[in-house]
Amino acid sequence: MIQKIVIFASGNGSNAQRIIDFFKPQPKVQIVAIFCNNPEAYVIKRAKLENIPCRIFSRTEFNDNQIVLQEIKTLNPDLIVLAGFLWLIPKSFISEFPKQIINLHPALLPKYGGKGMYGSNVHKSVIENHETETGITIHYVNEDYDKGNILLQAKCKVNKEDTIETLSSRIHELEYEHLPKVIDKILSA
Ligand code: GAR
């Protein structure tokens, strides 16, 4: 039986790419669609190059009239992966797909989580607070921003010389290493 993944992404989509590449040799796992809220996002180009349907949606379609939810229900995915997706998931999604939505966060939650804490904002705060370590968290999504059960955390050092860019690339390496494996583990359970 084929297992289906839907990815939500808002920007570059380098994590989405890693997931696509990881599962290419596994025909039993398919990335059936990428959902994107940002018409300028590079992930749209990636989807096109990979022949994966990409759905660009508005806030109204996501939050108000539940069109996106209806479309996802039709796709009937085994897992929904938020890979660099920056909008809060509506409660209706969570009750429809309990324990089937996971999120990638670029910090060691509960530190540097919550509203406004995404991407480079997180790394900027980590550097400004002189943290000596940071990392990534992969967790289930529930109604509270960044507060669902944690599946995996991985750490890295923060150096005195780090800039947002150097820290971001170290974090991305950790994400590339762990996110596909965590997805694989969930689907194999
Ligand atoms: C990743 O670092 C991810 O952890 C972060 O956005 C980046 C997306 O990179 N997600 C969040 O901040 C969610 N709160 P990518 O588009 O290259 O995969």
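Residues numbered from 1 in each chain as written. Predicted model: local features only at pLDDT ≥ 70, side-chain atom pairs only at ≥ 80, totals over all residues. Heavy atoms only, no water.

Asks: Just checking my understanding: could you explain the overall build of the protein for this structure?
Replies: On a plain count of helices and strands, the protein comes out with 7 helices and 7 strands. Relative to its length of 189 residues, the protein is compact, with a C-alpha radius of gyration of 16 Å against a globular reference of 16 Å. The principal-axis extents of the C-alpha atoms in the protein amount to approximately 50 × 40 × 35 Å. Across the 189 residues that make up the protein, the buried fraction comes to 48%. For the protein, the proportion of contacts with a sequence separation of at least 24, taken over those separated by at least 6, is 67%. Split by element, the accessible area of the protein, about 9,900 Å² in all, is 51% carbon and sulfur. (Helix = DSSP H or I, 4+ residues; strand = E, 2+ residues; numbered from the N terminus. Rg over C-alpha atoms; globule rule 2.2 N^0.38 Å. Buried < 20%, exposed > 50% of the residue type's maximum accessible area, 1.4 Å probe, protein only. Contact = heavy atoms within 4.5 Å. Areas by Shrake-Rupley, 256 points an atom, 1.4 Å probe, with all protein chains shown as cover.)

Asks: How should I be thinking about the pairing of strand S4 (residues 79–82) in this particular structure?
Replies: Burial along S4 is two-sided: Leu 79 and Val 81 facing one way and Ile 80 and Leu 82 facing the other are all buried. When strand S1 (residues 3–9) meets S4, the two strands line up parallel, connected through 4 bridges. Paired with Val 6 across the strands is Ile 80, a residue of S4. For the crossover from S4 across helix H5 (residues 91–96) to strand S5 (residues 101–105), the handedness is right-handed. (Pairing = 2+ DSSP bridges. Right-handed = clockwise from strand over helix to strand, strands pointing away.)

Asks: Mind showing me how you'd approach the site of the ligand here?
Replies: Taken together, 14 residues lie near the ligand, and Gly 13, Ser 14, Asn 15, Gly 119 and Glu 175 sit nearest. A distance of 2.8 Å separates an oxygen atom of the ligand from a polar atom in the backbone of Gly 119. At 2.4 Å from an oxygen atom of the ligand is found a side-chain nitrogen or oxygen belonging to Glu 175. Relative to its unbound accessible area of 440 Å², the ligand is 91% covered by the protein chains. When residues of the shell around the ligand are traced back to their parent elements, those giving at least two are helix H1 (14–23), S5 and helix H7 (164–188). Looking at side-chain class alone, the shell around the ligand contains 5 nonpolar, 8 polar and 1 charged residues. (Near = heavy atom within 4 Å. Polar contact = N/O pair within 3.5 Å; in protein donor to acceptor, adjacent residues only side chain to side chain. Nonpolar A, V, L, I, M, F, W, Y, C, P; charged D, E, K, R; others polar.)

Asks: Help me out: how do you make sense of unusual backbone geometry in this one?
Replies: With the exception of glycine, most residues fall at negative phi, and the peptide bonds are largely trans. Here the bond from Leu 109 into Pro 110 is cis, since omega is 10°, no more than 30 degrees from zero. By the element assignment, Pro 110 lies in the loop between S5 and helix H6 (119–128). Phi is positive for Asn 76, which is not a glycine, with a value near 50°. Looking at the secondary structure, you find Asn 76 in the loop between helix H4 (67–75) and S4.

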